[in-house]
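# Architecture at a glance
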Amino acid sequence: MTALLDNAMIGMGLLLQWEVLFSAAGGVFVGLMMGAIPGLSDIIAICLLVPFTFYLNPIAGIAMLMGLSKGANFGGSIPAILFNIPGTPQAVITAFDGYPLAKQGKAGKALKVALFSSCIADSVSDCVLFFFAAPVAMAAIMIGPAEHAAVVIFALTLISITAETGPLVGLLSMVLGLLLSCIGADPLSGAPRLTFGSDELAGGMDIVPLALGFFVISEIIWQVCLEKKEGINLAALRIDELEEKKALEENYEEDHSLSFSEFKKCVPAIGRGTMIGSAIGALPGIGTTVASYLSYMATKRASKNPERFGKGAIEGIAAAEAGNNAVNGPNLIPLITLGIPGNLAAALILGAFTMQGLTPGPMFMEQQAPLLYALFIVLFISNFFALGFGIVCIRYMRKMVSLPKNYIYAAVVIFALIGSYIVRNNTFDLYYTLGFSVIGLLCRKGGIPMIPLLISYILGSSLELKIRQTMDLNAGDLTVFLTEPISGAFLAASVLVIVYTVYRKIRMQKTGSV
Amino acid sequence: MTRHQISGSVLALLGLATFIITPFQVNLSASGIFPRIISVCLFVMGVAVVLTSSKQEKKSNVSLSDPLLLIFLALILGTIIAIRTIGFYPSILVSLPLCLILFGERNFKKIIFFSLVTTGIIYSIIDVLLGSMLP
């Protein structure tokens, strides 16, 4: 405990730079804006900003990305509540009660509930990170390469089987990511492999051009083609028309204030959402949308009047927002202590750590404790930035929804190309971005989920390294993975999870309830 | 065949091909162990997906032969080639308006204004604020 406080005090000292707080505040603000624009998710925002963190000091750069993730989480709920157009996937659940409330003329009330719930849950989840990261890191130091490899395999399995396209396709995507990670230098000897003689491939592929092609450019092309196919005019969304339509609804009576008694009614829902979100956040792969949904359902079940849910219950908004925001803090525990990102946002943050020359993993907490505690504190402070920006900007953010998408998409594509170049100042990386845009499009068309692919691509080298270290230590004997109790348990758990999920899927197909 | 079955078949073939070529693409035999294990896994998973794929799966709404998609990819390729030959700013001043036209904008005054302003913002951020240089 004393060491924790000492490190926290040194970390506080590192925060006394305008660059750090300004970056965190800037990240929150940009995230809030980008989250409020439907079609631009927090992932696109992080992908676009990761290259620019290279120009900041490590704390400022990572603080900006984390602030951005926080801002986008709340930003996504603004169009979901106002127009039933979720800005981010997790905001779908917020819209269940947020939009009906907005239709009754209480949009301001709904937005305030969402904002307060998000900030409270996020702050508590940051405390969970603050107090639990060190004990988990101490346990992580004690594990050897075999155990580390088994934990990575277990995490990748969880991330893959939760893919919405099905467990087997998720696993296929994960294996493809591992294969792509083999291209370039051998992690142990440094010798080039699978490069077909190309010097450009010998250095391996950087994560930033890959993510920008995969998640930004291919997403924009896909959206544009989809919207064209569905006859949506990219410049045609007019909020005035949507507002006028709402005003014609029955029971329309404007009331944008949130009383203390109303807020008090939301407290149990916020508490429940925070606990569910924090627990889910510590597990890799499950994600914010599931946390938001489970929290919403738990609050609905606990309510004396469950019939109000879906018709504008403020507890429903509080539960959904608390659930998805409470994932943020604990989600960083496996990233920092084991180097295993729990979701895509964490994987991109891992990329940013690597760009700064920092390697998250078991020794990270010991070697970089003051820096990490500075980050934990700035994460906590970012919640106040989010609260402040949220209160001031709520009324203006609605305008973001009506920005013409064709201009936004064009600008995003250009910024993606710039981001791809500036990390290594190498124009060849632009070809990687284009190549991965094409692979991203093929994945979308073929129904291959891209999150397991990217995360396994990031973890591939470290997994191989640990497996080969284990083999070297045991004269090439692979059975050690099964005979060591911890690694054996994690591998057995991975197999059980796969068998159970596949069995369940096949049974559902047979009974026709797909 | 469903889209998952097509994906599974293609990736199974990729796994098989990687397994065959790996020994010719590594300098040390130990370097090839992991890629070969993974290529076997890719083959097995690809076959498993082909065999277990549901016929009720959702179809994708976007066609890969959609002219808009192909033109957009060609535009990005053209932009990259232009960046490598004539530099970033001249390339963007051409590709940004083309991109906007492709996305359905027909107001040329707005297109020119947006392209100039965006290029100015990029110059201010990259060259002035970050002190970096674009090609």
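Remember, predicted model here, so these are calculated numbers, not experimental data.

## Observations concerning the overall build of chain B
Secondary structure assignment for chain B yields five helices and zero strands. Traced from its N-terminal end to its C-terminal end, chain B shows the element sequence α-α-α-α-α. Taking 135 residues into account, the globule formula puts the C-alpha radius of gyration at 14 Å, and chain B, at 23 Å, lies well above it. Taken over the C-alpha atoms alone, chain B extends approximately 55 × 45 × 25 Å along its principal axes. For chain B, the residues scored as buried account for 44% of the 135 residues in total. Restricting the contact set of chain B to residue pairs at least 6 apart, pairs at least 24 apart contribute 55%. For chain B, the accessible surface area stands at approximately 7,300 Å², while carbon and sulfur atoms represent 73% of it. Charge centroids of chain B, computed over 9 positive and 4 negative side chains, lie 8 Å from each other.

## Points about the nonpolar core
Generally speaking, a soluble globular protein has its nonpolar side chains buried in company with each other. With 159 residues, the main nonpolar core has Phe-215, Met-365, Leu-375, Phe-376 and Ile-418 of chain A together with Phe-88 and Leu-134 of chain B as its most contacted residues. A total of 15 residues in this core trace back to one element, the largest contributor, which is helix H11 (residues 207-229) of chain A. Among residues more than four places away in sequence, those in contact with Phe-88 of chain B are Ile-414 and Ile-418 of chain A together with Ile-83, Ile-122, Leu-134 and Pro-135 of chain B. Core analysis: the second largest hydrophobic core is formed by 28 residues, Cys-119, Cys-266, Ile-314 and Ala-322 of chain A among them.

## Considerations on empty space enclosed by the protein
Applying the stated criterion across every chain, the model contains four cavities of 30 Å³ or more. Looking at the largest cavity, its volume works out to about 110 Å³. In this structure, the largest cavity is lined by 14 residues; those nearest its centre are Leu-168, Lys-505 and Gln-509 of chain A together with Thr-52 and Ser-53 of chain B. Among the secondary structure elements, those contributing two or more residues to the lining of the largest cavity are helix H9 (167-181) and helix H24 (485-511) of chain A together with helix H2 (33-52) of chain B. The element best represented in the lining of the largest cavity is H24 of chain A, accounting for four residues. In terms of residue class, the lining of the largest cavity is made up of six nonpolar, seven polar and one charged.

## Quick notes on unusual backbone geometry
Residue and element names in this part refer to chain A. With phi around 55°, Phe-196 is a residue other than glycine that occupies positive phi space. Mapped onto the secondary structure, Phe-196 falls in the loop between strand S2 (192-193) and helix H10 (199-202). At Asn-425, a position not held by glycine, the phi torsion is positive, near 50°. By the secondary structure assignment, Asn-425 is in the loop between helix H20 (405-422) and helix H21 (428-446).

## Digging into a nonpolar patch on the surface
Judged by side-chain polarity, Phe-196 of chain A together with Leu-13, Leu-16, Phe-19, Ile-20, Ile-21, Phe-24, Val-40, Phe-43, Val-44, Val-47 and Leu-51 of chain B come together as a nonpolar surface patch covering roughly 1,200 Å² of accessible area. Elements that contribute at least two residues to the nonpolar patch include exactly helix H1 (3-21) and H2 of chain B.

## Observations concerning the interface of chain A and chain B
The interface is formed by 65 residues belonging to chain A together with 66 residues belonging to chain B. Where chain A abuts chain B, roughly 5,900 Å² becomes buried across the two surfaces, and 78% of that area is made up of carbon and sulfur atoms. When residues of chain A are sorted by the area they lose upon contact with chain B, Leu-172, Tyr-407 and Lys-445 of chain A head the list and together hold 12% of the total. Run the count over chain A and chain B and you get zero salt bridges. The interface formed by chain A and chain B contains twelve residue pairs in polar contact (both at pLDDT 80 or more). Sorting the residues of the side of chain A that touches chain B by element identifies H9, S2, H11, H20, H21 and helix H22 (450-473) of chain A as the ones contributing at least two each. Of the residues forming the side of chain A that touches chain B, the biggest block, twelve residues, is contributed by H20 of chain A.

## Description of the environment of Leu-4 of chain A
All names here are of chain A. By secondary structure assignment, the location of Leu-4 is in helix H1 (residues 2-14). Judged by its relative accessible area of 11%, Leu-4 is buried. Residues Leu-4 and Ala-134, 130 residues apart in the sequence, show an inter-C-alpha distance of 7.9 Å. Among residues more than four places away in sequence, those in contact with Leu-4 are Phe-130, Phe-131 and Tyr-373.

## Focus: the layout of surface pockets
Quantified by volume, the second largest pocket comes out at close to 1,300 Å³. Elements supplying a minimum of two residues to the lining of the second largest pocket: helix H2 (18-36), helix H3 (42-53) and H20 of chain A together with helix H5 (108-129) of chain B. Here the lining of the second largest pocket gets ten residues from one element, more than from any other, and that element is H2 of chain A.

## Quick notes on the side chain of Asp-126 of chain A
The topology assignment puts Asp-126 of chain A in helix H7 (residues 107-141). Not counting residues up to four positions away in its chain, the partners in contact with Asp-126 of chain A are Lys-70, Gly-329, Leu-379, Phe-380 and Asn-383 of chain A.

## Structural notes on the side chain of His-148 of chain A
When you line up the elements, His-148 of chain A lands in helix H8 (residues 145-161). For His-148 of chain A, the residues in contact, after removing those within four places along its chain, are Ile-143, Leu-338, Pro-362 and Lys-466 of chain A.

## Things to note about H11 of chain A
All names here are of chain A. Over its 23 residues, H11 extends 32 Å from the first C-alpha to the last, a length consistent with the 33 Å expected when each residue adds 1.5 Å. Where H11 bends most, at Gly-213, the angle is about 30°. Counting buried residues in H11 gives 21 out of 23 residues, a clear majority hidden from the surface.

## Side note on the environment of Gly-61 of chain A
All names here are of chain A. Here Gly-61 is to be found in helix H4 (residues 58-75). Overall, the relative accessible area of 0% leaves Gly-61 in the buried class. Spatially, the C-alpha atoms of Gly-61 and Glu-19 are 9.3 Å apart, while their sequence positions differ by 42 residues. Discounting residues that sit within four places of it in the chain, Gly-61 has contacts with Thr-53 and Leu-56.

## Considerations on the state of the cysteines
Counted under the stated rule, the structure contains zero disulfides over all chains. The closest cysteine sulfur to the non-disulfide-bonded Cys-119 of chain A is located on Cys-393 of chain A, 12 Å from its own sulfur.

## Describing the packing of helix H13 (residues 260-281) of chain A against helix H15 (residues 314-325) of chain A
Residue and element names in this part refer to chain A. One way to put it is that H13 packs onto H15 with a least axis distance of 7 Å and a crossing angle of 30°. Considering their axes alone, H13 and H15 lie roughly parallel with respect to each other. Taken as a pair, H13 and H15 cross one another with a handedness that is right-handed. Between H13 and H15, the residues in contact are Glu-262, Lys-265, Cys-266, Ala-269, Ile-270, Gly-273, Thr-274 and Gly-277 and Ile-314, Glu-315, Ala-318, Ala-319, Ala-322 and Gly-323, respectively. Partitioning the contact of H13 with H15 into residue classes produces seven nonpolar, four polar and three charged.

## Observations regarding the pattern of salt bridges
Residue and element names in this part refer to chain A. For the coordinates displayed, the defined rule picks out nine salt bridges over all chains. In this structure, the salt-bridge partner of Arg-444 is Glu-219, at a minimum N-O distance of 2.7 Å. Of this pair, Arg-444 sits in helix H21 while Glu-219 sits in helix H11, and the two are 225 residues apart along the sequence. Arg-444 sits in the buried class, given a relative accessible area of 15%. A salt bridge links Glu-464 to Arg-468; the shortest N-O distance between them is 2.9 Å. Of this pair, Glu-464 and Arg-468 both sit in helix H22, four residues apart, which is roughly one turn of that helix. Residue Glu-464 shares its accessibility class with Arg-468, and that shared class is buried. Through salt bridges that share partners, Asp-186, Arg-193, Glu-464 and Arg-468 make up one connected network.

What counts as what
- Residues numbered from 1 in each chain as written.
- Chains lettered and ligands numbered in written order.
- Predicted model: local features only at pLDDT ≥ 70, side-chain atom pairs only at ≥ 80, totals over all residues.
- Heavy atoms only, no water.
- Helix = DSSP H or I, 4+ residues; strand = E, 2+ residues; numbered from the N terminus.
- Rg over C-alpha atoms; globule rule 2.2 N^0.38 Å.
- Buried < 20%, exposed > 50% of the residue type's maximum accessible area, 1.4 Å probe, protein only.
- Contact = heavy atoms within 4.5 Å.
- Areas by Shrake-Rupley, 256 points an atom, 1.4 Å probe, with all protein chains shown as cover.
- Lys, Arg positive; Asp, Glu negative; His and termini not counted.
- Charge placed at Lys NZ, Arg CZ, Asp CG, Glu CD.
- Core = buried A, V, L, I, M, F, W, Y, C linked by side-chain atoms within 4.5 Å.
- 1 Å grid on protein atoms, 1.4 Å probe; cavity = no way out; pocket = protein on both sides within 12 Å on 5 of 7 lines; lining within 4 Å.
- Points joined across faces, edges and corners; volume = space filled by probe spheres on them.
- Nonpolar A, V, L, I, M, F, W, Y, C, P; charged D, E, K, R; others polar.
- Patch = residues over 30% accessible without salt bridge, like charges linked within 9 Å, V, L, I, M, F, W, Y side chains within 5 Å.
- Salt bridge = Lys/Arg side-chain N within 4 Å of Asp/Glu carboxyl O.
- Buried area = accessible area lost by both parts, 1.4 Å probe.
- Polar contact = N/O pair within 3.5 Å; in protein donor to acceptor, adjacent residues only side chain to side chain.
- Expected span 1.5 Å × (residues − 1).
- Bend = angle between axes of the 7 residues up to and from the residue.
- Disulfide = S-S within 2.5 Å.
- Axes fitted to C-alpha atoms, helices over the stretch in contact; angles between N-to-C directions.
- Parallel < 35°, antiparallel > 145°, perpendicular 65-115°, else oblique.
- Left-handed = near helix turned anticlockwise from the far one by under 90°.

Function cannot be inferred from these measures alone, as they are strictly geometric.
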